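Here are the chains, one letter per residue:
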Amino acid sequence: MAIWFARSRNLVSSLRHNLCTSTILIKRDYSHRPVLTTSHQLPSTVFSSPFVASLLRHESTAVEKQPDELVLHSDDQEEALQELDFPGGKVGYTSEMKFIPESSSRRVPCYRVLDEDGRIIPDNDFVPVKEKLAVRMYEQMATLQVMDHIFYEAQRQGRISFYLTSVGEEAINIASAAALSPDDIVLPQYREPGVLLWRGFTLEEFANQCFGNKADYGKGRQMPIHYGSNRLNYFTISSPIATQLPQAAGVGYSLKMEKKNACAVTFIGDGGTSEGDFHAGLNFAAVMEAPVVFICRNNGWAISTHISEQFRSDGIVVKGQAYGIRSIRVDGNDALAVYSAVRSAREMAVTEQRPVLIEAMTYRVGHHSTSDDSTKYRAADEIQYWKMSRNPVNRFRKWVEDNGWWSEEDESKLRSNARKQLLQAIQAAEKWEKQPLTELFNDVYDVKPKNLEEQELGLKELVEKQPQEYPPGFHV
Amino acid sequence: MSSIIHGAGAATALSTFNPVDSKKLVSPSRTNLSVRSQRYIVAGSDASKKKKSFGSGLRVGHSQKLIANAAVATKEADTSASTGHELLLFEALQEGLEEEMDRDANVCVMGEDVGHYGGSYKVTKGLADKFGDLRVLDTPICENAFTGMGIGAAMTGLRPVIEGMNMGFLLLAFNQISNNCGMLHYTSGGQFTIPVVIRGPGGVGRQLGAEHSQRLESYFQSIPGIQMVACSTPYNAKGLMKAAIRSENPVILFEHVLLYNLKEKIPDEEYICNLEEAEMVRPGEHITILTYSRMRYHVMQAAKTLVNKGYDPEVIDIRSLKPFDLHTIGNSVKKTHRVLIVEECMRTGGIGASLTAAINENFHDYLDAPVVCLSSQDVPTPYAGTLEEWTVVQPAQIVTAVEQLCQ
């Protein structure tokens, strides 16, 4: 590490010239990479990697030339004396037989802006959030809470087959969405409906999907929560875990190819990081130099599997480096920290054409889904602690209130309005007619092939012959 | 895995790039590798001599005429055709791909070693030089991930052609192909389309052992939302490649390792093939033989013998493995009343099994005899030459089956 610090200083002096910046601060270097912060509007962090600086893959599309040859040749005496030229670059020799430890002695710290009481921690490095934005963020976080509560109850009443709440993860949902551009393409897992809410998906639209009625954009073909909106750049959710990560690399590739000022943003949980697709997705995005922001919601539990049974690394943040990806660990229950981290990550991804990994530390306060009772495998006081003391919505509310931007009156008005609107939306969605039979066969292909036409015809005849066997109001 | 694939690719690359010469189309005796390297395609090479029996009904339409050339596939083939250019099947695929990339800037290629290396069977040769290494993208080795990448790219407007270096390894991408590629158009309510082409070499015959010699059409056939075609001649290889790229649906294009060096004169002017259409290879009266991919050439070899014995078989290359062209197939069944299916696919749950079911369901009344299906044995493809040969259907079996069916 000491060696690297020495190098970092050299880099700083060479970069100072390149970057024409006035103030440069050296931060702690976890990643073997010199980390510099400029005094721009955004704390858009500028990095340079000793390994890949001169190895840009697609030269034709490189957004920004990296400072050349910042590599190993500098001033290190003994160890750099002898180097071996491997296909991947020069590697120095050492006579010391030293294994890299399985983890560093100190866990990667978690970036936060607000303390538990919703006060900004002094000397913090974050992107300022103005009143209008802050209020909107809070409103959406609260609306998400109300929506989760009401849909969950609707499922308990047997009105929909399934539901899954985002309780405890409202800050990640809303703050990340707020930090993105509407052109950024989101590949969600399933605990991120807040992103869609932020982008303008109405409560009626949510209800229509959960009830699978005629107004559902998915035409009643996917289970509740598996929203999708082409209009809002939100990919339709697939149930299998982590499949969206390699797809995100592909979206990033596509955006890169079209030179768009946007990135792909994909979400995953801690459990999903055990999937091969997680690792391949990260690796692909790194190799393709694709603008992808990977956001991992480390909420401690994958249904009943605790993270201690999921991996042995220091969480997810450390995995980024192995793939050559910049990473940050952030307090997922701190909306301002999430906002700042995602905003900066997005900026880096787009301007530097590279992936970034964010591990947002949080807790799944609700059950995994309505098919789960999490009190069977975790302590009630653990849930209670996260629900009360670490509640991301309350924490953010305190900050907004302390600024004088929100009142008790606003609060009750918002919640009662949201509640009313949701109840109406559910009633309307329930009454709306279901998809007609033709929608069973549409969209399997762009044009219905003959075999499906025949199957449709056969089914229609059957339904017409024995209507009593099929639900009333079934539209042929 | 990569080293295995790579080794196989290199070995075949060395031996494959000789144009097919009719004189080398010797009978399939396979005792050692040197004999192997002498022979590649079992085409209906006698066609030029037996023009009458093979060419009689081939003037049905434009495409049929060209198919006659494909079946001939020799240097002596139809020199009377005034236009066109001669190329090998892998070159035809490349030409189709290149034309589509010229035509539409959204068409891109991704896979292992498809870039400057040109693909293990050289289908993407020269494309990276022409279109750049971003549009012809070398990916790390992970079939599920580069297929997923293709799907993501397709959902945001590109038309990726995904090369599986070997079809067998596409099993590693099964999740993306099935759960995502096949379903997202449907589950999104038609909001997102996935216009990808997944293609690559498969099939038995290069002594590459079990995993490299697979016929995965049976695995993929029940995935809703996927279309499947198998090419068998340079003409249809190019036409199907172009059609697959233009299709809004995900299409799996099956290529056969033994057919890459098949030579044929194809038209200079642009054409595409219908993805859902079977190809009439040889019209006949006595029996309908349905086949596809490499088995087409075993069938044509058998047909030669059968004609000598006085039979007049109708040979149809079904080409579209999903959905079946039941119009063409039905018309033939109604004419001949007898059906023999010859495939390289597995006996259990294979394409032949599905086709048998479809014919029985739709044309039972027209059949004078039960449908017979000749398929590969239900074993992993063995490496040793003789064992490998016994795994797949041989022309003699086809002859016997036709004789029995026509009794």
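Please read all numbers here as calculations on a predicted model, not as lab measurements.

Trainee: What exactly am I supposed to notice about the overall build of chain A here?
Mentor: Within chain A, the secondary structure is distributed over 15 helices and 12 strands. Pairs at least 24 residues apart make up 68% of the contacts formed inside chain A by residues separated by at least 6 positions. As displayed, chain A has an accessible area near 22000 Å², and 53% of this comes from carbon and sulfur atoms.

Trainee: What is the right way to look at the pattern of salt bridges in this model?
Mentor: One side chain can pair with another of opposite charge once the charged atoms of both are near each other. All names here are of chain B. This structure, assessed with the given rule, holds 54 salt bridges over all chains. With its nearest N and O atoms 2.7 Å apart, the salt bridge here joins E99 to K238. Here E99 is found in helix α5 (residues 89-103), whereas its partner K238 is found in helix α12 (residues 234-246), with 139 residues between them in sequence. We classify E99 as partly exposed; its relative accessible area is 23%. Among the salt bridges present, the one from D317 reaches R296, with a minimum N-O distance of 2.9 Å. Note that D317 is positioned in strand β11 (residues 313-317) and R296 in helix α13 (residues 295-308), a separation of 21 residues in sequence. One exposure class covers both D317 and R296, and it is buried. One network of salt bridges, with partners in common, ties together E95, E99, E100, R103, K238, K242, R246 and E270.

Trainee: Mind showing me how you'd approach the interface of chain B and chain A here?
Mentor: When the parts come together, some accessible area is lost, and that loss is often what is quoted as the size of the interface. With 46 residues of chain B in contact, the opposing surface of chain A contributes 45 residues. Here chain B packs against chain A, burying approximately 3700 Å² in sum over the two surfaces, 61% of which is carbon and sulfur. Considering only the side of chain B, the residues that lose the most area to chain A are L134, Y186 and Q191 of chain B, jointly responsible for 20% of the buried surface there. Viewed at the interface, chain A and chain B are joined by zero salt bridges. Run the count over chain B and chain A and you get 16 residue pairs in polar contact (both at pLDDT 80 or more).

Trainee: Looking at this structure, how should I read the sheet that holds strand β11 (residues 326-331) of chain A?
Mentor: Hydrogen bonds between backbone atoms are what pair the strands of a sheet, whose relative direction is either parallel or antiparallel. All names here are of chain A. Sheet architecture is open: five strands sit in the order β6-β7-β8-β12-β11, paired in parallel fashion. Sheet topology places β6 (185-187) and β11 at the edges, where each strand pairs with a single neighbour. Shown here is a sheet whose adjacent strand axes are inclined to one another by a mean of 20 degrees, direction ignored. Alignment of strand β7 (residues 264-269) against strand β8 (residues 292-298), held across six bridges, turns out to be parallel. When the sheet's bridge partners are listed, A264 is paired in β8 with V292. Together, β7, β8 and β12 (356-361) form the strand contacts of helix α4 (residues 170-179), whose direction differs from that of β8 by roughly 165 degrees.

Trainee: How do you make sense of the pairing of strand β14 (residues 372-376) of chain B when you look at a structure like this?
Mentor: Sheet faces and side chains relate simply in a regular strand, where the side chains alternate between the two faces. When strand β13 (residues 339-346) of chain B meets β14 of chain B, the two strands line up parallel, connected through four bridges. Each bridged residue has a counterpart across the sheet, and for V342 of chain B the counterpart in β14 of chain B is L374 of chain B.

Trainee: Explain the domain arrangement of chain B to me, please; I cannot follow it from the model alone.
Mentor: Residues and elements named next belong to chain B. Here chain B is described as being made up of domain 1 (85-267) and domain 2 (279-406). On a C-alpha basis, the centroid separation for the pair domain 1 and domain 2 is 26 Å. Together, the buried faces of domain 1 and domain 2 total about 2300 Å²; carbon and sulfur atoms form 54% of this surface. Considering only the side of domain 1, the residues that lose the most area to domain 2 are Q207, R215 and Q221, jointly responsible for 28% of the buried surface there. Here domain 1 is connected to domain 2 by zero salt bridges. Sorting elements by how many residues they give to the side of domain 1 that touches domain 2 places strand β6 (residues 227-230) first, with four residues. Taken together, the residues of the side of domain 1 that touches domain 2 sort by class into 15 nonpolar, 13 polar and three charged.

Trainee: I'm lost on the sheet that holds β11 of chain B in this one. Help?
Mentor: All names here are of chain B. Spatial ordering of the open sheet is given by β9-β11-β10-β13-β14, a layout of five strands whose pairing is mixed. Looking at strand neighbours, the two that pair on one side only are β9 (279-282) and β14, the edges of this open sheet. Strand-to-strand twist of the sheet, defined as the mean angle between neighbouring strand axes without regard to direction, takes the value 25 degrees.

Trainee: When you look at the nonpolar core in this model, what are you seeing that I'm missing?
Mentor: Here is a general trend for soluble globular proteins: nonpolar side chains tend to be buried in one another's company. Judged by nonpolar contacts, the single largest core of 80 residues is most densely connected at Y253 of chain A together with F220, I252, L290, I318 and I359 of chain B. Setting aside residues up to four positions removed in sequence, L290 of chain B forms contacts with I316, I318, I329, V339, L340, I341, V342, L355 and I359 of chain B. If you look at the next biggest cluster of nonpolar residues, it comprises 78 residues, including V113, Y138, F151 and F211 of chain A.

Trainee: Just checking my understanding: could you explain the packing of α13 of chain B against helix α17 (residues 395-405) of chain B for this structure?
Mentor: Two numbers describe a pair of packed helices, the interaxial angle and the distance between the axes. Residue and element names in this part refer to chain B. Taken N-terminus to C-terminus, the directions of α13 and α17 make an angle of 55 degrees; their axes are 8 Å apart at the nearest point. By the angle between their directions, the pair α13 and α17 is classed as oblique. By crossing handedness, the relation of α13 to α17 is classed as right-handed. Only P395, I398, V399 and V402 of α17 make contact with α13, whose side of the interface consists of H298, V299, Q301, A302, T305 and L306. The residue inventory of the contact of α13 with α17, partitioned by class, reads seven nonpolar, three polar and no charged.

Trainee: Please explain the environment of I100 of chain A as it appears in this structure.
Mentor: Tracing the chain through its elements places I100 of chain A in the loop between β5 (89-92) and α3 (131-156). In the structure, I100 of chain A is positioned 169 residues away from G269 of chain A in sequence and 27 Å away in space, judged by C-alpha atoms.

Trainee: Just to check I follow, could you spell out the pairing of β12 of chain A for this structure?
Mentor: All names here are of chain A. In terms of burial, β12 is largely enclosed, as five of its six residues are buried. Examined bridge by bridge, β8 and β12 share six bridges and lie parallel to one another. By the bridge assignment, C296 is partnered in β12 with E359. The sheet contact formed by β11 and β12 spans six bridges and is parallel. Looking across to β12, one finds that R329 is bridged to E359. Handedness of the crossover joining β11 and β12 through helix α10 (residues 335-352) is recorded here as right-handed.

Rules used in this analysis
Residues numbered from 1 in each chain as written. Chains lettered and ligands numbered in written order. Predicted model: local features only at pLDDT ≥ 70, side-chain atom pairs only at ≥ 80, totals over all residues. Heavy atoms only, no water. Helix = DSSP H or I, 4+ residues; strand = E, 2+ residues; numbered from the N terminus. Contact = heavy atoms within 4.5 Å. Areas by Shrake-Rupley, 256 points an atom, 1.4 Å probe, with all protein chains shown as cover. Salt bridge = Lys/Arg side-chain N within 4 Å of Asp/Glu carboxyl O. Buried < 20%, exposed > 50% of the residue type's maximum accessible area, 1.4 Å probe, protein only. Buried area = accessible area lost by both parts, 1.4 Å probe. Polar contact = N/O pair within 3.5 Å; in protein donor to acceptor, adjacent residues only side chain to side chain. Pairing = 2+ DSSP bridges. Axes fitted to C-alpha atoms, helices over the stretch in contact; angles between N-to-C directions. Domains from an automatic or database assignment. Nonpolar A, V, L, I, M, F, W, Y, C, P; charged D, E, K, R; others polar. Core = buried A, V, L, I, M, F, W, Y, C linked by side-chain atoms within 4.5 Å. Parallel < 35°, antiparallel > 145°, perpendicular 65-115°, else oblique. Left-handed = near helix turned anticlockwise from the far one by under 90°. Right-handed = clockwise from strand over helix to strand, strands pointing away.

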